[in-house]
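# A closer look at the structure
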Amino acid sequence: MANMFAFAESRGGSLRKVALEAVSAARQATDATGGGEVHALLIGAPGIGAKAAALGRAGADLVIVVEHAGLARYSPEVFAATAADRLRSGGYRGAFFAASAEGRDLAPRVAVALGVSMASDLTGFAFEGDALVGKHPTHIGKIITTVRLTGSPALLTLRPGAVLVTDADRTARVEQGAPALDPAAARVVVTSVGGTGDAQLDLADAPVVVSGGRGLREAANFKLVEELAAAFGNAAVGATRAVTDDGWRDPSTQIGQTGRIVSPDLYVAVGISGAIQHLAGMRTSKTIVAINKDKDAPIFKLADYGIVGDLFEIVPRLTEEVRKARAGH
Amino acid sequence: MKIAVCIKRVPDMDLRFAIGAGGKALDSAGLKFDIADFDGYAVEAGLRLVEAHGSGEVVVVTVGPAAAQETLRKALGMGADRAIQLSADEVPFDGRAVATALATELKDGGYDLVLFGRMATDSANQTVGPMTAHLMGVPCVTAISKLDIAGGRGTAERQLEGASETVEFPLPAVVTIDEGLGRPRLPSLKGIMAAKKKPLEVKPAQLGAASLTVDSIALPPDRPPGRIIGEGADAVPELIRLLQTEAKVL
Ligand SMILES: Cc1cc2nc3c(=O)[nH]c(=O)nc-3n(C[C@H](O)[C@H](O)[C@H](O)COP(=O)(O)OP(=O)(O)OC[C@H]3O[C@@H](n4cnc5c(N)ncnc54)[C@H](O)[C@@H]3O)c2cc1C
Ligand SMILES: Nc1ncnc2c1ncn2[C@@H]1O[C@H](COP(=O)(O)O)[C@@H](O)[C@H]1O
């Protein structure tokens, strides 16, 4: 029997999908190790406690709610001290964080505060005896490393999308907690969060990603990619570095080694050559479609379905056909 | 301004990898090595900060075998002033073990700023920077794409999923570098010549205990070979059919 800890990431007062994934993974780990409780830590501005119920449904038995007017935004030192405090007192076997921008910042701070090591960016994991064994894509995704972590709690970050969110129909108890460090005393302060808004589907969450490359020739032509994404209805738009470097698209949408890593059900590459650094960000997509006029483009080595030809002719037709297929649902 | 940049020697990722005998490491035959991508950006950031500040020093530090001196020399060739090799025959996979060695060296070095890459391209742990910061007891901001230093304080921007964050912090501090601050310069011929004469100090690495280890490594499962299903817009109906019936994503 072992209790597990999960950090429930939120932004702007809303839970992020990776919060539900961390809780679901902790639930699976608890059930696989003979039962126990899942405790989720939810930190935010007053009112964030309203999100506890959703964490219960994903498998949490207890939600520790830490509300503070100074914690509307991520505060690395306060979050880390608060998580470490809880982990120190709780006798947890494992502690789950997301391998998101926030989770990857937070988890190592918590680990050293506790004096333990941690495993990063796992796509799969199991507790075996006194160890946690996990799969970790390394070498820009060209190698899968099986890592072994000993020590307790076993701290880990989980790659977004690595676990399915469970619907456990559970009602979590709620406990009010307090920040372990006065937010006003933090040295590192997030002073603003700007962004592309919540309406857009995040790249990490979208079942379909449609990405464009330099083959689109100019920024305005990206509307072809946006229209195709809109036709799918559940798609986010990505880009290559060639395109984000030239300022056609926001840097946060860059897919690849130095950008975002995505693993959607369907990845559509439009006018993308398939440089190794780009492949590093999308090669684990379930199905890959490529449209490129050069039949020797490296992307075709990876694509399940490739069409050779002019994207300006193919993409509008594809958009139309996808729209029709979707309407038939 | 005194800046340390922590850099790692990693295999060149463009090459085809094979698994070595023993199954725990890459087959070393044919491997080439270079400074890890983000670490190159970190060196560049350090050089630019000192240039903008008008005075100071950039010290590059690595934990690794003698061969890693080549990586240090490359950074010296880019313009770093001196180098420290914390000697270890093997670099542990455990970020905390590496961070312990770096923090021991850097803690009392009087650095205003210690720069790291966001992550090493081989281990991809993304933990050494923030762990070193914590062990040094200084503030840390990770994965930044913009940085301004003025009046003993830093302002940085980091990319989140679909958003960005502005972060403020006091110096001394640890900052880990995503790209965006400027492409690493190539060492000039003059730089390479000068690098040979720059100081490179070798000390044993005071590694921490490792509790994260590698059981085995493997190549990812092969994707089925790519398939071209047709040419031009006429291939679209066939694509739709395959997406519906075979891939079942539409
Ligand atoms: C350290 C490092 C890190 C990097 N990180 C990343 C990263 O994270 N992500 C990333 O994407 N890149 C990254 N890169 C850059 C990468 O190497 C490539 O330069 C980049 O991915 C190329 O982008 P692209 O495919 O849009 O452009 P190109 O390589 O120029 O390809 C354009 C393609 O469009 C096709 N095309 C042209 N016109 C048409 C048409 N009318 N119809 C159909 N097809 C057409 C062409 O045949 C060509 O294949 C990195 C590079 C380095 C050195
Ligand atoms: N052996 C090493 N020597 C010096 N710096 C390192 C070493 N390993 C990692 N680093 C630094 O820590 C960063 C993150 O590495 P990692 O946590 O392994 O992804 C790297 O980009 C380097 O800046």
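Preceding this paragraph is the structure being described.
Heads up: these notes are all about the structure in this document. It should be emphasised that the depicted structure is a prediction, and the values quoted were computed from it without experimental measurement.

Our focus in this paragraph is the overall build of chain A. Helices and strands together make up the secondary structure of chain A, namely nine helices and 18 strands. Taken against the 2.2 N^0.38 rule, which gives 20 Å for 329 residues, the C-alpha radius of gyration of chain A at 21 Å falls within 12% of a compact globule. Projecting the C-alpha coordinates of chain A onto the three principal axes gives extents of approximately 60 × 40 × 40 Å. Taking all 329 residues of chain A together, 59% fall into the buried category. Sequence-distant contacts, at least 24 apart, represent 63% of the contacts inside chain A between residues at least 6 apart. Carbon and sulfur atoms form 50% of the exposed surface of chain A, whose accessible area is close to 11900 Å². Across chain A, the centroid of the 34 positively charged side chains sits 3 Å from that of the 34 negatively charged ones.

Glancing now at unusual backbone geometry. Trans peptide bonds make up most of the peptide bonds, and negative phi angles are found at most residues other than glycine. For the bond from Ser152(A) to Pro153(A), the omega torsion is -5°, close enough to zero to count as cis. Within the element layout of this structure, Pro153(A) appears in the loop between β10 (143-150) and β11 (154-158). Non-glycine residue Arg217(A) carries a positive phi angle of around 75°. Tracing the chain through its elements places Arg217(A) in the loop between β14 (208-212) and α5 (222-232). Taking the relative accessible area as the measure of exposure, Arg217(A) reaches 61% and is therefore exposed. Although it is not a glycine, Ala143(B) sits at a positive phi angle of roughly 50°. Counting through the fold element by element, Ala143(B) comes out in strand β7 (residues 140-150).

Side chains that differ in charge, positive against negative, can pair when their charged atoms come close. Across all of its chains, the model carries 39 salt bridges over all chains by this definition. A salt bridge links Arg109(A) to Asp105(A), with the nearest nitrogen and oxygen atoms 3.0 Å apart. With a gap of four residues between them, Arg109(A) and Asp105(A) both fall in helix α4 (residues 101-114), about one helical turn apart. The exposure class assigned to Arg109(A) is buried, which follows from its relative accessible area of 6%. Residue Asp245(A) is joined to Arg183(B) by a salt bridge in which the shortest nitrogen-to-oxygen separation is 2.4 Å. One end of the pair, Asp245(A), is in helix α6 (residues 241-245); the other, Arg183(B), is in the loop between β10 (173-177) and α5 (189-195), on a second chain. Asp245(A) gets classed as partly exposed once you look at its relative accessible area, which sits at 46%. Among the charged side chains, a salt-bridge network with shared partners connects Glu9(A), Arg11(A), Arg16(A) and Glu161(B).

In this section: the site of ligand 2. Residue and element names in this part refer to chain B. Looking at ligand 2, there are 20 residues lining it, with Cys6, Asp39, Ser123, Gln126 and Thr127 nearest. Within the backbone of Ile7, a nitrogen or oxygen atom sits 3.4 Å from a nitrogen atom of ligand 2. Val63 places a polar main-chain atom, nitrogen or oxygen, 2.8 Å from a nitrogen atom of ligand 2. Relative to its unbound accessible surface of 480 Å², ligand 2 loses 99% to contact with the protein. The greatest single-element share of the shell around ligand 2, amounting to three residues, is contributed by strand β4 (residues 57-64). For the shell around ligand 2, the residue count by class is twelve nonpolar, six polar and two charged.

With that settled, consider the side chain of Lys8(B). Residue and element names in this part refer to chain B. Among the structural elements, Lys8 can be located in the loop between β1 (2-6) and β2 (9-11). Judged by its relative accessible area of 19%, Lys8 is buried. Once residues lying within four places of it in the same chain are set aside, the contact partners of Lys8 are Asp34, Ile35, Ala36, Asp39, Thr62, Thr71, Val91, Ala120, Asp122 and Ser123.

Direction vectors running N to C along helix α9 (residues 311-327) of chain A and helix α6 (residues 236-245) of chain B enclose 40°, while the axes themselves pass 10 Å from each other. Considering their axes alone, α9(A) and α6(B) lie oblique with respect to each other. Handedness of the crossing formed by α9(A) with α6(B): right-handed. Here α9(A) contributes Ile314(A), Arg317(A), Leu318(A), Glu321(A), Val322(A) and Ala325(A) to the contact with α6(B), which in turn contributes Val236(B), Pro237(B), Leu239(B), Ile240(B) and Gln244(B). Across the contact of α9(A) with α6(B), the residue classes tally to eight nonpolar, one polar and two charged.

On to the site of ligand 1. Taken together, 27 residues form the shell around ligand 1, and within it Arg214(A), Thr240(A), Thr258(A), Ser273(A) and Asn292(A) come nearest. Per-site note: the chains with residues close to ligand 1 are chains A and B. Side-chain polar atom of Thr258(A) to a nitrogen atom of ligand 1: 2.6 Å apart, as the coordinates give it. Contact between ligand 1 and His278(A): an oxygen atom at 2.9 Å from a side-chain N or O atom of the residue. Protein contacts shield 80% of the accessible area of ligand 1, which totals 990 Å² for the unbound molecule. Among the secondary structure elements, those contributing two or more residues to the shell around ligand 1 are α6, α7 (276-279) and α9 of chain A.

Before going further, it helps to examine the nonpolar core. With 47 residues, the main nonpolar core has Leu55(A), Phe96(A), Phe125(A) and Leu132(A) as its most contacted residues. In terms of residue count, helix α1 (residues 17-32) of chain A provides more of this core than any other element does, six residues in total.

Definitions and limits used
- Residues numbered from 1 in each chain as written.
- Chains lettered and ligands numbered in written order.
- Predicted model: local features only at pLDDT ≥ 70, side-chain atom pairs only at ≥ 80, totals over all residues.
- Heavy atoms only, no water.
- Helix = DSSP H or I, 4+ residues; strand = E, 2+ residues; numbered from the N terminus.
- Rg over C-alpha atoms; globule rule 2.2 N^0.38 Å.
- Buried < 20%, exposed > 50% of the residue type's maximum accessible area, 1.4 Å probe, protein only.
- Contact = heavy atoms within 4.5 Å.
- Areas by Shrake-Rupley, 256 points an atom, 1.4 Å probe, with all protein chains shown as cover.
- Lys, Arg positive; Asp, Glu negative; His and termini not counted.
- Charge placed at Lys NZ, Arg CZ, Asp CG, Glu CD.
- Salt bridge = Lys/Arg side-chain N within 4 Å of Asp/Glu carboxyl O.
- Near = heavy atom within 4 Å.
- Polar contact = N/O pair within 3.5 Å; in protein donor to acceptor, adjacent residues only side chain to side chain.
- Nonpolar A, V, L, I, M, F, W, Y, C, P; charged D, E, K, R; others polar.
- Axes fitted to C-alpha atoms, helices over the stretch in contact; angles between N-to-C directions.
- Parallel < 35°, antiparallel > 145°, perpendicular 65-115°, else oblique.
- Left-handed = near helix turned anticlockwise from the far one by under 90°.
- Core = buried A, V, L, I, M, F, W, Y, C linked by side-chain atoms within 4.5 Å.

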